[in-house]
Amino acid sequence: MFSKQEAQQLKKEFWTAFGKSFPRKWILYDTKVKDFSFKFNADNKKAEVSLDIEMRDEVYRDAYYNKIWSLEDILKDFIGDFHKEEFYTLESGKVISRIWVEKDGVSVFNKNSWQQIFEFFVEKMDGFERFYYEYEDFIKDV
């Protein structure tokens with residue numbers, strides 16, 4: 001078990017190592033759509049790459065979610081099997097729509113699993129980005 005400070009330091013080392021191992025500019029928040037972003041996440045049990053649709057206006061959030069959902073089979077070609085939740089509740093209590101892929105059995109606190117996480121991140125985020133660039137005009141037309 002790590003102290004809070006040790007855990008923070010290890011997470012910082014993890015993200016620094018990822019950036020150095022795969023120096024690339026990712027889309028992430030730069031989708032040109034407010035509150036529509038791609039994210040990396042890793043904790044003590046799994047790693048995730050997600051598309052978070054965070055508009056407060058439920059009509060817009062639903063419209064973007066349904067645009068992505070209408071491309072379900074195509075998205076699957078880019079990233080493989082994925083999870084989706086139209087009403088996903090964050091720890092903060094905020095409700096968003098989320099589409100994500102995850103890799104279980106890895107931990108940001110285990111340096112031996114970092115390379116697996118890094119490779120998972122690169123493969124899945126690259127798939128999300130290629131999908132987005134290919135269908136960007138369709139997705140943005142809400």
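Residues numbered from 1 in each chain as written. Predicted model: local features only at pLDDT ≥ 70, side-chain atom pairs only at ≥ 80, totals over all residues. Heavy atoms only, no water.

You'll find the protein chain entered in an unreviewed UniProt entry as DUF4268 domain-containing protein, with Chryseobacterium kimseyorum given as the organism.

### Considerations on the overall build of the protein chain
The helix and strand tally for the protein chain stands at four helices and four strands. The N-to-C order of helical and strand elements in the protein chain reads α-β-β-α-α-β-β-α. Over its C-alpha trace the protein chain gives a radius of gyration of 16 Å, about what one expects of a compact globule, namely 14 Å for 142 residues. Along the longest, intermediate and shortest principal axes, the C-alpha atoms of the protein chain span 45 × 30 × 25 Å. (Helix = DSSP H or I, 4+ residues; strand = E, 2+ residues; numbered from the N terminus. Rg over C-alpha atoms; globule rule 2.2 N^0.38 Å.)

### Some details on helix α2 (residues 58–70)
In this model, α2 (13 residues) spans 18 Å end to end at C-alpha, consistent with the 18 Å of a helix rising 1.5 Å per residue. Burial in α2 covers these residues: R61, Y64, Y65, K67 and I68. Burial along α2 is one-sided: seen end-on, the buried residues are contained in an arc of 155°. Where α2 is buried, its residues meet β1 (36–42), β2 (46–53), α3 (72–79), β3 (83–89), β4 (95–104) and α4 (114–140). Taking the backbone nitrogen of V59 as reference, a side-chain oxygen 2.9 Å away marks D57 as the first, capping residue of α2. (Expected span 1.5 Å × (residues − 1). Buried < 20%, exposed > 50% of the residue type's maximum accessible area, 1.4 Å probe, protein only. Arc of directions from axis to C-beta. Contact = heavy atoms within 4.5 Å. Polar contact = N/O pair within 3.5 Å; in protein donor to acceptor, adjacent residues only side chain to side chain.)

### Quick look at the pattern of salt bridges
Side-chain pairing between opposite charges can occur once the charged atoms of the two side chains come close. Using the criterion set out here, one finds 15 salt bridges in the structure. Between D52 and K39 there is a salt bridge, with its nearest N and O atoms 3.6 Å apart. With a gap of 13 residues between them, D52 in strand β2 and K39 in strand β1 connect regions that are remote in the sequence. The class of D52 is buried, set by a relative accessible area of 1%. Among the ionic pairs, K140 bridges to E136, the shortest N-O distance being 2.8 Å. With K140 and E136 both in helix α4 and four residues apart, the pair spans about one turn of that helix. K140 gets classed as partly exposed once you look at its relative accessible area, which sits at 28%. Residue classification places E136 among the buried positions, given a relative accessible area of 18%. Within this structure, K39, D52, E54, K94 and R98 form a network of salt bridges that share partners. (Salt bridge = Lys/Arg side-chain N within 4 Å of Asp/Glu carboxyl O.)

### A short note on the environment of Y60
If you trace the backbone, Y60 turns up in helix α2. The contacts of Y60, once residues within four sequence positions are left out, are M55 and V142.

### Details of the pairing of β3
Relative to β4, β3 is paired through five bridges, and the arrangement is antiparallel. Note that in β4 the partner of Y88 across the bridge is I96. Hairpin remark: β3 followed by β4, antiparallel, with five residues in the connecting loop; positive phi at G93, about 95°. (Pairing = 2+ DSSP bridges.)

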